[in-house]
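Now for the letters of each chain:
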Amino acid sequence: MTYCGRCGQTLTEGNHASCAQALALEPPRYCAECRRRMIVQVHPMGWTARCSVHGVLTAG
Ligand SMILES: [Zn+2]
Ligand SMILES: [Zn+2]
């Protein structure tokens, strides 16, 4: 994990406590490894977030 999945900033800069709380409820907007925008699909059972380089993250 290098980048914040919610705001896209590096995790060593700033305070991401509120981001971490939000990410418990909603899918990440940015790939944690490369900061690319994730392609997010929300569905009734959870969500899928896809990075074109790093593949798919799922939850739910
Ligand atoms: Zn953040
Ligand atoms: Zn990625």
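Cut-offs and rules
- In every chain, residue numbers begin from 1 and rise along the written sequence.
- Each chain takes a letter, starting from A, and each ligand takes a number, starting from 1, following the order in which they are written.
- Confidence filtering applies because this is a predicted model: local features only for residues at pLDDT of at least 70, side-chain atom pairs given and counted only at 80 or more, and all residues used for totals across whole chains, interfaces and linings.
- UniProt positions are given in the numbering used here, feature names are shortened, and annotations may be inferred rather than shown by experiment.
- Whether two strands pair comes down to DSSP finding at least two bridges between them.
- Where helices and strands are cited, they refer to DSSP runs of H or I of at least four residues and of E of at least two residues respectively, numbered from the N terminus.
- In this description, a line fitted to the C-alpha atoms serves as the axis of each element, helices being fitted only across the stretch in contact, and the angle between N-to-C directions of two axes falls anywhere from 0 to 180 degrees.
- Exposure is read from a count of other C-beta atoms within 10 Å of each residue's own; the residue is exposed at 12 or fewer, buried at 20 or more and partly exposed in between. C-beta atoms are placed from the backbone.
- Working definition of a contact: two residues with C-beta atoms, positioned from the backbone, lying within 7 Å.

An unreviewed UniProt entry lists the protein chain under the name Biotin synthase auxiliary protein, from Kribbella aluminosa. The protein chain has a UniProt comment under Cofactor (unreviewed entry) that states "iron-sulfur cluster". Looking at the Sequence similarities (unreviewed entry) heading of the UniProt record, one finds this comment for the protein chain: "Belongs to the BsaP family."

> Account for the sheet that holds strand S2 (residues 46-51), with residues named and values stated.
Strand order in the open sheet formed by three strands is S1-S2-S3, with antiparallel pairing between adjacent strands. One side of each edge strand has no neighbouring strand; the edge strands of this open sheet are strand S1 (39-43) and strand S3 (55-59). The average angle at which neighbouring strand axes cross in this sheet is 15 degrees, direction not considered. The pairing of S2 with S3 spans five bridges and is antiparallel. Its bridge partner being in S3, Arg50 is matched across the sheet by Val56.

> Provide a residue-level description of the pairing of S1, including the pertinent values.
Among the five residues of S1, zero are classified as buried, and the element is accordingly described as predominantly exposed. As paired elements, S1 and S2 share five bridges and run antiparallel to each other. By the bridge assignment for S2, Gln41 is matched with Thr48. In sequence, S1 turns back onto S2 through a hairpin of two residues.

> How would you explain the environment of Val40 if you had to name every residue and give the values?
You can see Val40 is positioned in strand S1. Judged by C-beta crowding, with 14 C-beta atoms within 10 Å, Val40 ranks as partly exposed. Remark: the alpha-carbon pair of Val40 and Ala17, spanning 23 residues in sequence, is separated by 22 Å. Excluding residues that lie within four positions of it along the chain, Val40 makes contacts with Pro27, Trp47 and Ala49.

> So what about the UniProt feature "domain: Biotin synthase auxiliary protein C-terminal" (unreviewed entry) in the protein chain? Which residues, and what values?
Under the UniProt annotation, the feature "domain: Biotin synthase auxiliary protein C-terminal" (unreviewed entry) is placed at residues 38-58. End-to-end, the C-alpha atoms of residues 38-58 are 12 Å apart, and along that stretch the chain is 0% helix and 71% strand.

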